[in-house]
Amino acid sequence: MAEEAHRRPRSEGPSERPVALITGASSGIGRATAARLAGAGWEVLLSGTDRTRLDELAARTGGRALPEDLSKPDGPARLAEAALAAAGRVDALVASAGLGWRGPYADTPSDILDRMIEVNLAAPLRLVRLLLPGMLERRHGRIVLLGSIAGQVGVRDESGYAATKGGLAMFAESLWYELRGTGVGVRLVLPGPVDTPFFDRRGTPYQRERPRPVSAERVAETVVATIHTERDRLFVPQWLGVPARIHGAAPGVFRRMASRFG
Ligand SMILES: NC(=O)c1ccc[n+]([C@@H]2O[C@H](COP(=O)([O-])OP(=O)(O)OC[C@H]3O[C@@H](n4cnc5c(N)ncnc54)[C@H](OP(=O)(O)O)[C@@H]3O)[C@@H](O)[C@H]2O)c1
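Residues numbered from 1 in each chain as written. Predicted model: local features only at pLDDT ≥ 70, side-chain atom pairs only at ≥ 80, totals over all residues. Heavy atoms only, no water.

As recorded by an unreviewed UniProt entry, the chain carries the name SDR family NAD(P)-dependent oxidoreductase and is attributed to Streptomyces kaniharaensis. Per UniProt, the chain has the following entry under Sequence similarities (unreviewed entry): "Belongs to the short-chain dehydrogenases/reductases (SDR) family." (UniProt positions renumbered as here; feature names shortened; annotations may be inferred.)

**Side note on the overall build of the chain**
Scanning the chain for helices and strands turns up 10 helices and nine strands. Its C-alpha atoms give the chain a radius of gyration of 18 Å, within 12% of the compact-globule value 18 Å for 262 residues. Projected onto the principal axes, the alpha-carbon positions of the chain cover approximately 60 × 40 × 35 Å. Looking at the chain as a whole, 52% of its 262 residues are labelled buried. When contacts within the chain are restricted to residue pairs at least 6 apart in sequence, those whose partners lie at least 24 apart make up 67%. Of note, the chain has its 36 positive side-chain charges centred 6 Å away from the centre of its 29 negative side-chain charges. (Helix = DSSP H or I, 4+ residues; strand = E, 2+ residues; numbered from the N terminus. Rg over C-alpha atoms; globule rule 2.2 N^0.38 Å. Buried < 20%, exposed > 50% of the residue type's maximum accessible area, 1.4 Å probe, protein only. Contact = heavy atoms within 4.5 Å. Lys, Arg positive; Asp, Glu negative; His and termini not counted. Charge placed at Lys NZ, Arg CZ, Asp CG, Glu CD.)

**Digging into the packing of aromatic side chains**
Two aromatic rings are characterised by how far apart their centres lie and by the angle between their planes. Under the counting rule described, the total for this entry stands at four aromatic pairs. Taking the centre distance of 5.3 Å and the plane angle of 85° together, the rings of F198 and F199 count as edge-to-face. Pairing F199 with Y206 gives two aromatic rings, centres 5.4 Å apart and planes at 45°, and the pair type is tilted. Overall, Y206 belongs to the partly exposed group, its relative accessible area being 22%. Three or more aromatic residues link up through ring pairs in this structure, and these residues are Y161, F198, F199 and Y206. (Phe/Tyr/Trp six-rings, centres within 6.5 Å; stacked < 30°, edge-to-face > 60°.)

**Notes on unusual backbone geometry**
Residues apart from glycine generally show negative phi values, whereas peptide bonds are mostly found in trans. Cis geometry is adopted by the peptide bond preceding P211, which originates at R210 and carries an omega value of -10°. Take P211: it is sitting in the loop between α7 (198-202) and β8 (214-215). Here the bond from V236 into P237 is cis, since omega is -5°, no more than 30 degrees from zero. With respect to the helices and strands, the residue P237 is situated in the loop between β9 (233-236) and α9 (241-249).

**Re the sheet that holds β9**
Read across the sheet, seven strands follow the order β3-β2-β1-β4-β5-β6-β9 without closing on themselves; strand pairing throughout is parallel. Each of the sheet's edge strands pairs with one partner strand only, and the pair in question is β3 (64-65) and β9. Sheet analysis places strand β1 (residues 19-23) next to strand β4 (residues 92-95), joined by four bridges and oriented parallel. Bridged to L21 within β4 is L93. Along the sheet face, helix α3 (residues 75-87) touches β1, β2 (43-46) and β3 and points at about 150° away from the line of β2. (Pairing = 2+ DSSP bridges. Axes fitted to C-alpha atoms, helices over the stretch in contact; angles between N-to-C directions.)

Structural data, given as structure tokens:
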């Protein structure tokens with residue numbers, strides 16, 4: 001059933017505007033992205049678990065609230081189905097839902113580990129599996145995945161979180177080859193720290209001096225830019241690409257620098 005989601009009957013006619021499904025739309029980066037896309041004339045389908053915040057954003061943007069718990073294995077299929085029923089198609093998927101946890105890996109609560117794997121990694125993979133066939137059929141579509149600098153260079157005490165983001169990065173990298181010349185593009189946005197409720201929710205504040213947190217609006221601007229350009233891998237701020245390149249070229253040197261300078 002899940003694989004057939006893009007062919008399900010529609011309860012309403014297809015939207016005349018481009019349609020974006022944004023996960024994590026009830027907060028932070030997803031919320032800022034939804035507002036920006038709506039301002040640019042997109043029909044926005046808003047995913048999260050907090051119905052009140054989704055309804056409030058829907059009222060502000062003219063979008064549709066589609067509450068769904070993406071930590072449940074069948075959550076992504078229900079969300080894809082609801083999105084297609086609401087708008088007839090999805091032109092852009094912005095996968096921003098995510099959560100973190102900080103502390104020694106051996107102490108990671110197993111329910112939080114499961115949720116990070118489901119929401120950060122499995123849900124985007126499942127959603128893309130469900131929405132990509134329709135995009136390929138129309139030879140048109142964008143998939144924007146929210147990775148993290150943590151998934152590029154690794155971060156002490158964030159092993160589980162970094163693993164989900166590293167997995168997402170390799171998914172984007174591999175899919176890129178498949179999608180060349182199809183009219184569908186995959187984009188990976190790689191923020192450093194962003195000033196959102198993410199840190200409060202994970203239970204430990206962001207305490208480093210550098211990099212300084214950027215605003216959710218700044219990341220949203222990059223997300224929207226990736227939809228309209230061919231740039232498929234963008235760090236926010238851009239200079240974070242430098243440590244990522246050093247790590248890629250010489251991981252030993254990077255580790256020594258990271259241990260020394262934090
Ligand atoms: N903030 C940072 O420093 C930072 C840095 C790099 C990458 N990122 C990544 O950027 C993305 C957005 O993060 P953010 O900073 O905007 O965080 P945020 O403000 O905490 O927002 C997280 C969003 O994910 C949704 N979500 C969490 N669990 C969910 C579930 N089980 N089912 C459905 N939705 C769920 C939340 O929805 P509800 O509240 O409605 O449950 C919320 O809308 C995440 O993937 C994060 O890993 C963040």
